[in-house]
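Examining the three-dimensional arrangement
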Amino acid sequence: MHRLYLEPPLQAGVVALGPPALRHVRALRLRAGDPVVVFDGGGGQWRARLGDAGDRVELLAFEGVEREAAWEIELAVGMPANERMDWLVEKAVELGAQRIAPLMTSRAVLRLEGERAERRCAHWRGVAIAACEQCGRNRLPQLRPVQTLERWLRGLPAADEAARCLLAAPSQAQAQVLPLARWAAGLPAGQAVLALSGPEGGLDDAEIGLALRAGFVPVSLGPRTLRAETAPLALLAGLAALRA
Ligand code: SAM
């Protein structure tokens, strides 16, 4: 069944398709009367049918279907350059990250500020929507604005004091590094997790110091140095496998 994202809030009845959904409908060559599933990213989905002109849908029945991860994970990443960040966002959504924070760190190749940063974030939101349409998630992960690591740490809401925090650290870089499975042992369902992973050149000593002082625990994903886009995904997949 094809899935379409429409901007919230949705209610039973006939709803006009916005330009992205219309493009999607045309690309899929859907026709009037075809059944589709529609969701607005806030949870649950609608069984729906394309209207006569193919430019609207009729929402028929709401279904409280959820496909979220066992833990509420915010993934903060030193942004890798080029299309690697698109790839990271797509896969992180598939693997259940609930929030993604793109960070500018001292050694990051990609530098984004102002309007350019906003345009990239809007683009990544589109990537996240397409990933939700494809993988069946009905809750659209939040994309935080591009910011420095320091600012991200300072801006974490008080509710996140209860979060368990981990810093992906190549084992040779830190003396006290826990394997992921040991770090995650006994985490209760629904636990808020803040996961931080560095850019191509890694985090510098000052940034690692900041994270450690903020309570982040260095965690290893194995003996090999993973690329900046591979490490966060290995982390999410590793956590998902522990709850499977
Ligand atoms: N030379 C850099 C360093 O030592 O940090 C390599 C950076 S690596 C390409 C990018 C990021 O992925 C690292 O900053 C770290 O957060 C994460 N990472 C890579 N391999 C890892 C591993 N085996 N375990 C945990 N984290 C890893």
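Just above sits the structure.
The present account deals with the structure reproduced in this document. (Residues numbered from 1 in each chain as written. Predicted model: local features only at pLDDT ≥ 70, side-chain atom pairs only at ≥ 80, totals over all residues. Heavy atoms only, no water.)

Side note on the site of the ligand
With respect to spatial proximity, 19 residues lie near the ligand, and among them Ala168, Gly198, Leu221, Arg224 and Leu226 are the closest. A distance of 2.9 Å separates a nitrogen atom of the ligand from a polar backbone atom of Leu221. A distance of 2.8 Å separates a nitrogen atom of the ligand from a polar backbone atom of Leu226. (Near = heavy atom within 4 Å. Polar contact = N/O pair within 3.5 Å; in protein donor to acceptor, adjacent residues only side chain to side chain.)

Some details on the packing of helix 2 (residues 84–94) against helix 3 (residues 114–135)
Two numbers describe how helix 2 lies on helix 3: the axes approach to 9 Å, and their chain directions differ by 40 degrees. When the axis of helix 2 is compared with that of helix 3, the two are oblique. Note on packing geometry: the crossing formed by helix 2 with helix 3 is right-handed. In this structure, helix 2 uses Met85, Asp86, Val89, Glu90, Val93 and Glu94 to contact helix 3, whose residues at the interface are Arg120, His123, Trp124, Val127, Ala128, Ala131, Cys132, Gln134 and Cys135. (Axes fitted to C-alpha atoms, helices over the stretch in contact; angles between N-to-C directions. Helix = DSSP H or I, 4+ residues; strand = E, 2+ residues; numbered from the N terminus. Parallel < 35°, antiparallel > 145°, perpendicular 65-115°, else oblique. Left-handed = near helix turned anticlockwise from the far one by under 90°. Contact = heavy atoms within 4.5 Å.)

Description of the sheet that holds strand 2 (residues 13–16)
What the five strands build is an open sheet, ordered 1-3-4-5-2; its pairing is mixed. Taken across any chain shown, the strands that pair with only one partner, and hence form the sheet edges, are strand 1 (3–5) and strand 2. Direction aside, the axes of adjacent strands within the sheet are offset by 40 degrees on average. Bridge count for strand 2 against strand 5 (residues 56–63) is four bridges, and the pairing is antiparallel. In the strand pairing of strand 5, Ala16 is matched with Arg56. (Pairing = 2+ DSSP bridges.)

Side note on unusual backbone geometry
A cis geometry characterises the amide bond from Pro8 onward to Pro9, with omega recorded as -5 degrees. Within the fold, Pro9 resides in the loop between strand 1 and strand 2. For Asn82, which is not a glycine, the phi torsion comes out positive at approximately 60 degrees. Tracing the chain through its elements places Asn82 in the loop between strand 6 (72–78) and helix 2.

Some remarks on the layout of surface pockets
The gaps of empty space that remain are located by a probe, the size of a water molecule, rolled over the atoms. Estimated volume of the largest pocket: approximately 430 Å³. Looking at the largest pocket, it is lined by 25 residues, and the ones nearest its centre are Ala168, Ala169, Pro170, Gly198 and Gly202. Broken down by secondary-structure element, the contributors of at least two residues to the lining of the largest pocket are strand 10 (164–168) and helix 6 (205–213). A per-class count over the lining of the largest pocket returns 13 nonpolar, seven polar and five charged. Its boundaries defined by the atoms lining it, the second largest pocket holds a volume of some 250 Å³. In terms of lining residues, the second largest pocket is bounded by Tyr5, Leu6, Glu7, Val15, Ala16, Gly18, Pro20, Ala21, Arg23, His24, Ile129 and Glu133. No other element matches the four residues that helix 1 (residues 19–27) contributes to the lining of the second largest pocket. Among the residues making up the lining of the second largest pocket, the classes are represented as seven nonpolar, two polar and three charged. (1 Å grid on protein atoms, 1.4 Å probe; cavity = no way out; pocket = protein on both sides within 12 Å on 5 of 7 lines; lining within 4 Å. Points joined across faces, edges and corners; volume = space filled by probe spheres on them. Nonpolar A, V, L, I, M, F, W, Y, C, P; charged D, E, K, R; others polar.)

Interpretation note: all reported values are geometric properties and have no functional meaning in isolation.
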